[in-house]
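Per-entry structural report
Listed below, chain by chain, are the residues.
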Amino acid sequence: MNVIDLRSDTVTTPTNNMYRKMQVAPLGDDVYGDDPSVNKLEALAAEKLGKEKALFVPTGTMGNLIAVMAHTRPGDEIILERNSHIFLYEAAGASRLAGVQPLTIKGIDGVMDPKEVEESIREENIHFPATGLICVENTHNMAGGMVQPVENLYELRSIADRHKIPMHLDGARVFNAAAALDCDVKEIATHFDSTMFCLSKGLSSPVGSMLVGAKDFIDRARKLRKILGGGMRQAGILASSGILSIEKMPLQLKIDHENARILSEGLNKISGFSVDIDKVHTNIINLSIKDRNITSEGLVKEMKAKGILANPRGKDYIRLVTHKDVNFENICYALKIFETI
Ligand SMILES: *Cc1c(COP(=O)(O)O)cnc(C)c1O
(Lines give C-alpha, C1' and ligand atoms only; values in the text may rest on other atoms or scores of the structure.)
Protein backbone atom coordinates (compact mmCIF):
# COMPACT_ATOMS: atom_id res chain seq x y z
CA MET A 1 0.00 0.00 0.00
CA ASN A 2 1.18 3.50 -0.87
CA VAL A 3 1.34 5.33 2.46
CA ILE A 4 0.69 9.08 2.59
CA ASP A 5 2.34 10.43 5.70
CA LEU A 6 0.72 13.65 6.95
CA ARG A 7 1.94 13.32 10.55
CA SER A 8 4.67 15.95 10.28
CA ASP A 9 7.13 17.62 7.93
CA THR A 10 9.88 15.95 9.99
CA VAL A 11 9.19 12.74 8.02
CA THR A 12 10.65 14.21 4.80
CA THR A 13 13.50 12.23 3.29
CA PRO A 14 16.53 13.85 1.60
CA THR A 15 16.32 14.81 -2.09
CA ASN A 16 18.50 12.98 -4.63
CA ASN A 17 20.72 16.06 -4.77
CA MET A 18 21.19 15.89 -1.02
CA TYR A 19 22.31 12.24 -1.22
CA ARG A 20 24.75 13.14 -4.00
CA LYS A 21 26.19 16.09 -2.12
CA MET A 22 26.64 13.98 1.03
CA GLN A 23 28.86 11.56 -0.89
CA VAL A 24 31.25 14.19 -2.16
CA ALA A 25 31.17 16.74 0.68
CA PRO A 26 34.62 17.85 1.89
CA LEU A 27 34.91 16.72 5.52
CA GLY A 28 36.97 17.47 8.61
CA ASP A 29 36.65 17.36 12.39
CA ASP A 30 34.14 20.02 13.31
CA VAL A 31 35.06 20.04 17.01
CA TYR A 32 38.43 21.40 15.79
CA GLY A 33 36.54 23.75 13.48
CA ASP A 34 38.04 21.88 10.52
CA ASP A 35 34.98 20.75 8.59
CA PRO A 36 34.69 22.91 5.46
CA SER A 37 31.09 21.86 4.81
CA VAL A 38 29.95 22.77 8.33
CA ASN A 39 31.82 26.08 8.12
CA LYS A 40 30.14 26.82 4.80
CA LEU A 41 26.68 25.96 6.18
CA GLU A 42 27.22 28.14 9.26
CA ALA A 43 28.38 31.10 7.15
CA LEU A 44 25.42 30.66 4.80
CA ALA A 45 22.88 30.44 7.67
CA ALA A 46 24.29 33.57 9.35
CA GLU A 47 24.18 35.45 6.06
CA LYS A 48 20.60 34.36 5.22
CA LEU A 49 19.28 35.27 8.66
CA GLY A 50 21.23 38.53 8.80
CA LYS A 51 23.26 37.60 11.89
CA GLU A 52 27.00 37.59 12.62
CA LYS A 53 27.45 33.89 13.25
CA ALA A 54 25.69 30.52 13.25
CA LEU A 55 26.07 27.14 14.92
CA PHE A 56 25.02 23.76 13.51
CA VAL A 57 23.21 21.69 16.16
CA PRO A 58 21.78 18.16 16.00
CA THR A 59 18.19 19.14 16.88
CA GLY A 60 15.90 22.11 17.30
CA THR A 61 15.39 21.15 20.93
CA MET A 62 19.13 21.43 21.57
CA GLY A 63 19.26 24.75 19.69
CA ASN A 64 16.49 26.22 21.87
CA LEU A 65 18.06 24.89 25.06
CA ILE A 66 21.47 26.30 24.17
CA ALA A 67 19.86 29.66 23.40
CA VAL A 68 18.14 29.73 26.80
CA MET A 69 21.40 28.74 28.55
CA ALA A 70 23.45 31.33 26.64
CA HIS A 71 21.03 34.22 27.24
CA THR A 72 20.22 33.60 30.93
CA ARG A 73 21.64 32.66 34.31
CA PRO A 74 20.23 29.90 36.53
CA GLY A 75 17.43 31.32 38.66
CA ASP A 76 16.24 33.71 35.95
CA GLU A 77 12.70 33.67 34.66
CA ILE A 78 11.87 33.36 30.95
CA ILE A 79 8.66 34.59 29.35
CA LEU A 80 7.05 32.32 26.76
CA GLU A 81 3.69 31.42 25.28
CA ARG A 82 1.55 28.82 27.08
CA ASN A 83 1.37 26.48 24.06
CA SER A 84 4.93 27.02 22.86
CA HIS A 85 7.12 24.09 21.92
CA ILE A 86 9.78 25.06 24.47
CA PHE A 87 7.20 24.96 27.26
CA LEU A 88 5.15 21.93 26.15
CA TYR A 89 7.44 19.63 24.24
CA GLU A 90 11.04 19.96 25.36
CA ALA A 91 10.74 17.83 28.51
CA ALA A 92 11.36 20.85 30.78
CA GLY A 93 14.95 21.07 29.57
CA ALA A 94 15.01 24.82 30.20
CA SER A 95 14.10 24.27 33.87
CA ARG A 96 16.19 21.19 34.38
CA LEU A 97 19.35 22.09 32.49
CA ALA A 98 19.31 25.89 32.17
CA GLY A 99 17.83 26.26 35.69
CA VAL A 100 15.29 28.88 34.65
CA GLN A 101 11.66 29.26 35.67
CA PRO A 102 9.08 29.62 32.91
CA LEU A 103 6.45 32.35 33.08
CA THR A 104 3.83 31.48 30.51
CA ILE A 105 1.40 33.82 28.80
CA LYS A 106 -1.68 32.43 27.10
CA GLY A 107 -1.71 33.83 23.59
CA ILE A 108 -4.46 34.04 20.99
CA ASP A 109 -3.45 31.70 18.17
CA GLY A 110 0.00 31.68 19.75
CA VAL A 111 0.30 35.47 19.73
CA MET A 112 1.16 37.01 23.11
CA ASP A 113 -0.38 40.35 24.10
CA PRO A 114 2.58 42.77 24.30
CA LYS A 115 0.97 44.57 27.26
CA GLU A 116 0.83 41.32 29.22
CA VAL A 117 4.44 40.56 28.29
CA GLU A 118 5.53 43.96 29.58
CA GLU A 119 3.54 43.56 32.81
CA SER A 120 5.20 40.20 33.36
CA ILE A 121 8.71 41.61 33.33
CA ARG A 122 10.10 41.61 36.87
CA GLU A 123 11.32 44.72 38.63
CA GLU A 124 14.31 44.63 40.91
CA ASN A 125 13.08 43.30 44.25
CA ILE A 126 14.71 40.99 46.80
CA HIS A 127 11.84 38.51 46.35
CA PHE A 128 11.91 38.32 42.58
CA PRO A 129 13.87 36.38 39.98
CA ALA A 130 15.23 38.46 37.12
CA THR A 131 13.53 38.23 33.73
CA GLY A 132 16.25 36.85 31.50
CA LEU A 133 14.63 36.16 28.14
CA ILE A 134 11.49 36.50 26.03
CA CYS A 135 10.78 33.65 23.58
CA VAL A 136 8.51 33.76 20.53
CA GLU A 137 7.52 30.90 18.20
CA ASN A 138 7.02 31.59 14.47
CA THR A 139 5.31 29.83 12.84
CA HIS A 140 3.41 28.65 15.89
CA ASN A 141 3.16 24.88 15.87
CA MET A 142 0.20 24.36 18.25
CA ALA A 143 -1.70 27.23 16.65
CA GLY A 144 -1.64 25.21 13.42
CA GLY A 145 1.37 26.81 11.76
CA MET A 146 0.05 30.35 12.05
CA VAL A 147 2.35 33.26 11.30
CA GLN A 148 2.99 35.87 14.00
CA PRO A 149 1.82 39.33 12.86
CA VAL A 150 4.76 41.57 12.03
CA GLU A 151 3.37 44.47 14.15
CA ASN A 152 3.41 42.18 17.18
CA LEU A 153 7.12 41.47 16.66
CA TYR A 154 7.85 45.23 16.49
CA GLU A 155 5.96 45.81 19.73
CA LEU A 156 7.68 42.96 21.57
CA ARG A 157 11.06 44.17 20.35
CA SER A 158 10.50 47.67 21.62
CA ILE A 159 9.45 46.31 25.03
CA ALA A 160 12.52 44.06 25.13
CA ASP A 161 14.75 47.04 24.25
CA ARG A 162 13.14 49.23 26.89
CA HIS A 163 13.83 46.60 29.56
CA LYS A 164 17.15 45.41 28.08
CA ILE A 165 15.97 41.80 27.80
CA PRO A 166 17.09 39.57 24.92
CA MET A 167 14.58 37.89 22.62
CA HIS A 168 14.89 34.38 21.16
CA LEU A 169 12.91 33.11 18.21
CA ASP A 170 11.96 29.45 18.09
CA GLY A 171 11.85 29.59 14.31
CA ALA A 172 11.71 25.85 13.70
CA ARG A 173 9.54 26.81 10.70
CA VAL A 174 10.59 30.42 10.21
CA PHE A 175 11.17 29.73 6.49
CA ASN A 176 7.48 28.77 6.28
CA ALA A 177 6.61 32.10 7.92
CA ALA A 178 8.78 33.97 5.39
CA ALA A 179 7.21 32.04 2.49
CA ALA A 180 3.71 32.89 3.74
CA LEU A 181 4.58 36.58 4.18
CA ASP A 182 6.51 36.58 0.92
CA CYS A 183 9.39 38.28 2.69
CA ASP A 184 13.04 37.62 3.34
CA VAL A 185 13.59 35.48 6.43
CA LYS A 186 15.97 38.22 7.63
CA GLU A 187 13.02 40.56 8.07
CA ILE A 188 11.64 38.22 10.74
CA ALA A 189 14.96 37.38 12.40
CA THR A 190 15.88 41.06 12.69
CA HIS A 191 13.55 41.45 15.69
CA PHE A 192 15.45 38.80 17.64
CA ASP A 193 18.84 38.46 19.30
CA SER A 194 18.91 34.78 18.34
CA THR A 195 16.96 32.46 16.09
CA MET A 196 16.80 28.69 15.87
CA PHE A 197 15.50 27.06 12.69
CA CYS A 198 15.19 23.43 11.60
CA LEU A 199 16.80 22.00 8.47
CA SER A 200 15.07 18.69 9.16
CA LYS A 201 11.42 19.73 8.68
CA GLY A 202 10.02 21.16 5.44
CA LEU A 203 13.56 22.00 4.35
CA SER A 204 13.99 18.21 4.05
CA SER A 205 17.43 17.51 5.46
CA PRO A 206 17.69 14.25 7.41
CA VAL A 207 19.15 15.84 10.57
CA GLY A 208 20.04 19.23 11.97
CA SER A 209 19.06 22.72 13.04
CA MET A 210 20.81 26.08 13.11
CA LEU A 211 21.22 28.63 15.88
CA VAL A 212 22.13 32.13 14.72
CA GLY A 213 23.05 35.31 16.59
CA ALA A 214 25.81 37.75 17.48
CA LYS A 215 29.42 36.59 17.53
CA ASP A 216 29.85 36.49 21.34
CA PHE A 217 26.50 34.68 21.73
CA ILE A 218 27.46 31.97 19.22
CA ASP A 219 30.91 31.61 20.82
CA ARG A 220 29.21 30.84 24.15
CA ALA A 221 26.70 28.61 22.36
CA ARG A 222 29.52 26.54 20.82
CA LYS A 223 30.88 25.70 24.26
CA LEU A 224 27.39 24.89 25.55
CA ARG A 225 26.84 22.56 22.59
CA LYS A 226 30.02 20.70 23.63
CA ILE A 227 28.79 20.47 27.25
CA LEU A 228 25.50 18.96 26.07
CA GLY A 229 27.32 16.38 23.94
CA GLY A 230 26.41 18.00 20.65
CA GLY A 231 29.95 18.50 19.31
CA MET A 232 29.97 16.37 16.16
CA ARG A 233 32.98 15.29 14.11
CA GLN A 234 32.64 14.81 10.31
CA ALA A 235 29.31 16.57 10.46
CA GLY A 236 29.88 17.89 6.93
CA ILE A 237 27.94 14.83 5.71
CA LEU A 238 24.87 16.43 7.27
CA ALA A 239 25.88 20.03 6.68
CA SER A 240 26.22 19.46 2.92
CA SER A 241 22.53 18.57 2.89
CA GLY A 242 21.76 21.57 5.10
CA ILE A 243 23.31 23.88 2.51
CA LEU A 244 20.88 22.57 -0.11
CA SER A 245 18.03 22.98 2.40
CA ILE A 246 18.75 26.69 2.68
CA GLU A 247 19.60 27.30 -0.97
CA LYS A 248 16.96 25.21 -2.72
CA MET A 249 14.13 24.14 -0.42
CA PRO A 250 12.42 27.41 0.57
CA LEU A 251 10.67 27.36 -2.85
CA GLN A 252 9.17 23.96 -2.00
CA LEU A 253 7.48 25.47 1.05
CA LYS A 254 5.20 27.56 -1.16
CA ILE A 255 4.04 24.35 -2.84
CA ASP A 256 3.47 22.76 0.58
CA HIS A 257 1.34 25.74 1.61
CA GLU A 258 -0.67 25.54 -1.62
CA ASN A 259 -1.26 21.82 -1.01
CA ALA A 260 -2.40 22.53 2.57
CA ARG A 261 -4.93 25.02 1.17
CA ILE A 262 -6.22 22.55 -1.42
CA LEU A 263 -6.49 19.83 1.22
CA SER A 264 -8.34 22.17 3.61
CA GLU A 265 -10.81 23.27 0.96
CA GLY A 266 -11.48 19.66 0.00
CA LEU A 267 -11.97 18.62 3.62
CA ASN A 268 -14.48 21.43 4.16
CA LYS A 269 -16.65 19.90 1.42
CA ILE A 270 -16.92 16.62 3.35
CA SER A 271 -19.72 16.55 5.90
CA GLY A 272 -18.62 16.48 9.52
CA PHE A 273 -15.14 17.76 8.81
CA SER A 274 -14.19 21.38 9.18
CA VAL A 275 -11.05 23.43 8.80
CA ASP A 276 -10.84 27.13 9.63
CA ILE A 277 -9.27 28.15 6.32
CA ASP A 278 -8.32 31.62 7.60
CA LYS A 279 -6.01 29.91 10.06
CA VAL A 280 -4.23 27.76 7.49
CA HIS A 281 -1.32 30.14 6.92
CA THR A 282 1.33 27.56 6.08
CA ASN A 283 1.64 23.76 5.95
CA ILE A 284 -0.26 22.71 9.09
CA ILE A 285 -3.99 21.97 9.23
CA ASN A 286 -6.01 21.45 12.40
CA LEU A 287 -8.97 19.41 11.18
CA SER A 288 -12.01 19.57 13.46
CA ILE A 289 -14.00 16.34 13.72
CA LYS A 290 -16.34 17.62 16.46
CA ASP A 291 -19.37 16.89 14.27
CA ARG A 292 -18.36 13.29 13.73
CA ASN A 293 -19.31 10.45 15.97
CA ILE A 294 -15.72 9.35 16.41
CA THR A 295 -12.71 10.29 18.53
CA SER A 296 -9.52 11.59 16.93
CA GLU A 297 -7.74 8.40 18.00
CA GLY A 298 -10.43 6.31 16.34
CA LEU A 299 -10.30 8.32 13.13
CA VAL A 300 -6.52 8.20 12.96
CA LYS A 301 -6.68 4.42 13.32
CA GLU A 302 -9.23 4.10 10.54
CA MET A 303 -7.16 6.36 8.28
CA LYS A 304 -4.03 4.35 8.98
CA ALA A 305 -5.74 1.18 7.82
CA LYS A 306 -6.39 3.01 4.54
CA GLY A 307 -2.83 4.25 4.14
CA ILE A 308 -3.08 7.82 5.45
CA LEU A 309 -1.06 8.74 8.52
CA ALA A 310 -1.92 11.70 10.79
CA ASN A 311 -1.63 12.64 14.45
CA PRO A 312 -4.55 13.24 16.80
CA ARG A 313 -4.61 16.64 18.50
CA GLY A 314 -6.83 16.49 21.53
CA LYS A 315 -9.99 14.41 21.10
CA ASP A 316 -11.72 16.71 18.58
CA TYR A 317 -8.91 17.50 16.17
CA ILE A 318 -6.40 15.79 13.97
CA ARG A 319 -3.31 17.54 12.67
CA LEU A 320 -2.32 17.21 9.03
CA VAL A 321 1.03 18.51 7.77
CA THR A 322 1.99 18.89 4.11
CA HIS A 323 5.59 18.58 2.90
CA LYS A 324 7.64 17.71 -0.15
CA ASP A 325 6.97 13.95 0.05
CA VAL A 326 3.24 14.54 -0.39
CA ASN A 327 2.45 15.85 -3.86
CA PHE A 328 -0.74 17.16 -5.46
CA GLU A 329 -1.83 13.65 -6.60
CA ASN A 330 -1.33 12.36 -3.04
CA ILE A 331 -3.51 15.20 -1.73
CA CYS A 332 -6.28 14.32 -4.19
CA TYR A 333 -6.00 10.66 -3.26
CA ALA A 334 -6.10 11.48 0.47
CA LEU A 335 -9.28 13.50 -0.08
CA LYS A 336 -10.89 10.48 -1.81
CA ILE A 337 -10.02 8.36 1.21
CA PHE A 338 -11.44 10.97 3.61
CA GLU A 339 -14.72 10.80 1.67
CA THR A 340 -14.97 7.07 2.40
CA ILE A 341 -14.53 7.48 6.16
C1 LIG B 1 10.06 20.63 15.77
C2 LIG B 1 10.11 21.83 16.63
C3 LIG B 1 11.17 22.05 17.51
C4 LIG B 1 12.24 21.03 17.85
O5 LIG B 1 12.87 20.40 16.86
P6 LIG B 1 13.53 18.94 17.03
O7 LIG B 1 14.55 18.98 15.97
O8 LIG B 1 12.44 17.96 16.80
O9 LIG B 1 14.14 18.85 18.39
C10 LIG B 1 11.18 23.24 18.23
N11 LIG B 1 10.21 24.14 18.08
C12 LIG B 1 9.16 23.95 17.25
C13 LIG B 1 8.13 25.01 17.14
C14 LIG B 1 9.07 22.79 16.52
O15 LIG B 1 8.02 22.61 15.71
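Quick caveat: nothing in here was measured; it's all calculated off a predicted structure.

Conventions used here
- Residues numbered from 1 in each chain as written.
- Predicted model: local features only at pLDDT ≥ 70, side-chain atom pairs only at ≥ 80, totals over all residues.
- Heavy atoms only, no water.
- Near = heavy atom within 4 Å.
- Polar contact = N/O pair within 3.5 Å; in protein donor to acceptor, adjacent residues only side chain to side chain.
- Helix = DSSP H or I, 4+ residues; strand = E, 2+ residues; numbered from the N terminus.
- Nonpolar A, V, L, I, M, F, W, Y, C, P; charged D, E, K, R; others polar.
- Salt bridge = Lys/Arg side-chain N within 4 Å of Asp/Glu carboxyl O.
- Buried < 20%, exposed > 50% of the residue type's maximum accessible area, 1.4 Å probe, protein only.
- 1 Å grid on protein atoms, 1.4 Å probe; cavity = no way out; pocket = protein on both sides within 12 Å on 5 of 7 lines; lining within 4 Å.
- Points joined across faces, edges and corners; volume = space filled by probe spheres on them.
- Domains from an automatic or database assignment.
- Contact = heavy atoms within 4.5 Å.
- Patch = residues over 30% accessible without salt bridge, like charges linked within 9 Å, V, L, I, M, F, W, Y side chains within 5 Å.
- Areas by Shrake-Rupley, 256 points an atom, 1.4 Å probe, with all protein chains shown as cover.
- Expected span 1.5 Å × (residues − 1).

Next up on the list: the site of the ligand. As a structural note, the neighbourhood of the ligand is formed by 14 residues, with Gly60, Thr61, Asp170, Arg173 and Lys201 the closest of them. Taking aspartate 170, its side chain carries an N or O atom lying 2.7 Å from a nitrogen atom of the ligand. Lysine 201 has a polar side-chain atom sitting 2.7 Å from an oxygen atom of the ligand. Sorting the residues of the shell around the ligand by element identifies α3 (60-71) and β7 (194-198) as the ones contributing at least two each. It is α3 that contributes the most residues to the shell around the ligand, 3 residues altogether. In the shell around the ligand, the residues fall into 3 nonpolar, 6 polar and 5 charged.

Turning our eyes to something else, we now look at the pattern of salt bridges. Counting across every chain of the model gives 18 salt bridges. Measuring nitrogen to oxygen at the nearest pair gives 2.6 Å for the salt bridge that ties arginine 7 to aspartate 5. Here arginine 7 falls in the partly exposed class, since its relative accessible area comes to 33%. On the accessibility criterion, aspartate 5 (14% relative accessible area) is buried. Note that lysine 115 and glutamate 119 form a salt bridge whose closest N and O atoms lie 3.7 Å from each other. Highlighted residues: lysine 115 and glutamate 119, both in helix α6 (residues 114-120), separated by 4 residues, approximately one helical turn.

To continue, consider the layout of surface pockets. By volume, the largest pocket is sized at about 430 Å³. Surrounding the largest pocket, 22 residues form its lining, Met142, Ala143, Lys279, Asn286 and Tyr317 being those nearest its centre. The residue inventory of the lining of the largest pocket, partitioned by class, reads 7 nonpolar, 9 polar and 6 charged. Counting contributing residues per domain, the lining of the largest pocket is built from domain 1 (4-10 + 250-340) and domain 2 (14-248), each supplying no fewer than three.

Tracing the sequence through the fold places threonine 131 in strand β5 (residues 131-137). By relative accessible area, which is 12% here, threonine 131 ends up buried. In this structure, threonine 131 is in contact with Glu77, Ile79, Ser120, Ile121, Arg122 and Ile165, ignoring residues within four places of it in sequence. There is a polar contact of 2.9 Å between the side chain of threonine 131 and the backbone nitrogen of arginine 122.

Moving on, we come to a nonpolar patch on the surface. Nonpolar side chains collect at one region of the surface, where Phe87, Leu88 and Tyr89 lie side by side and expose about 250 Å² of accessible area between them. Structurally, leucine 88 is set in helix α4 (residues 85-88).

Attention now goes to the environment of leucine 267. Among the secondary structure elements, leucine 267 is positioned in helix α12 (residues 250-268). By relative accessible area, which is 0% here, leucine 267 ends up buried. Taking the C-alpha atoms as reference points, leucine 267 and isoleucine 318, 51 residues apart in sequence, are found 12 Å from one another. Not counting residues within four places of it along the chain, the set of residues in contact with leucine 267 comprises Phe273, Val275, Leu287, Leu320, Leu335 and Phe338.

The next point concerns helix α2 (residues 36-49). Working note: α-helix, 3.6 residues per turn, so residues spaced by three or four point in the same direction. Under the 1.5 Å per step criterion, the end-to-end length of α2 is 20 Å for 14 residues, consistent within 8% with the ideal 20 Å. Every buried residue of α2 is listed here: Ser37, Val38, Leu41, Glu42, Leu44, Ala45, Ala46 and Leu49. Near the N-terminus of α2, the side chain that reaches the backbone nitrogen of serine 37, with its oxygen 2.9 Å away, is that of aspartate 35. Glycine 50 sits one or two residues past α2 and shows a positive phi near 75°.

Our focus in this paragraph is empty space enclosed by the protein. Applying the stated criterion across every chain, the model contains 2 cavities of 30 Å³ or more. Taken as a whole, the largest cavity spans an internal volume of roughly 70 Å³. Taken together, 13 residues line the largest cavity, and the ones lying closest to its centre are Glu81, Ser84, Cys135, Val136 and Glu137. Elements with a contribution of two residues or more to the lining of the largest cavity: β3 (77-81) and β5. Classifying every residue of the lining of the largest cavity gives 6 nonpolar, 4 polar and 3 charged. Size it by volume and the second largest cavity reaches roughly 40 Å³. Gly171, Ala172, Arg173, Val174, Phe175, Asn176, Phe197, Cys198, Lys201, Gly202 and Leu203 are the residues that line the second largest cavity. Listing elements by their share of the lining of the second largest cavity, those giving two or more residues are α8 (174-181) and β7. Ranked by residue count, the leading element in the lining of the second largest cavity is α8, at 3 residues. The residue inventory of the lining of the second largest cavity, partitioned by class, reads 6 nonpolar, 3 polar and 2 charged.

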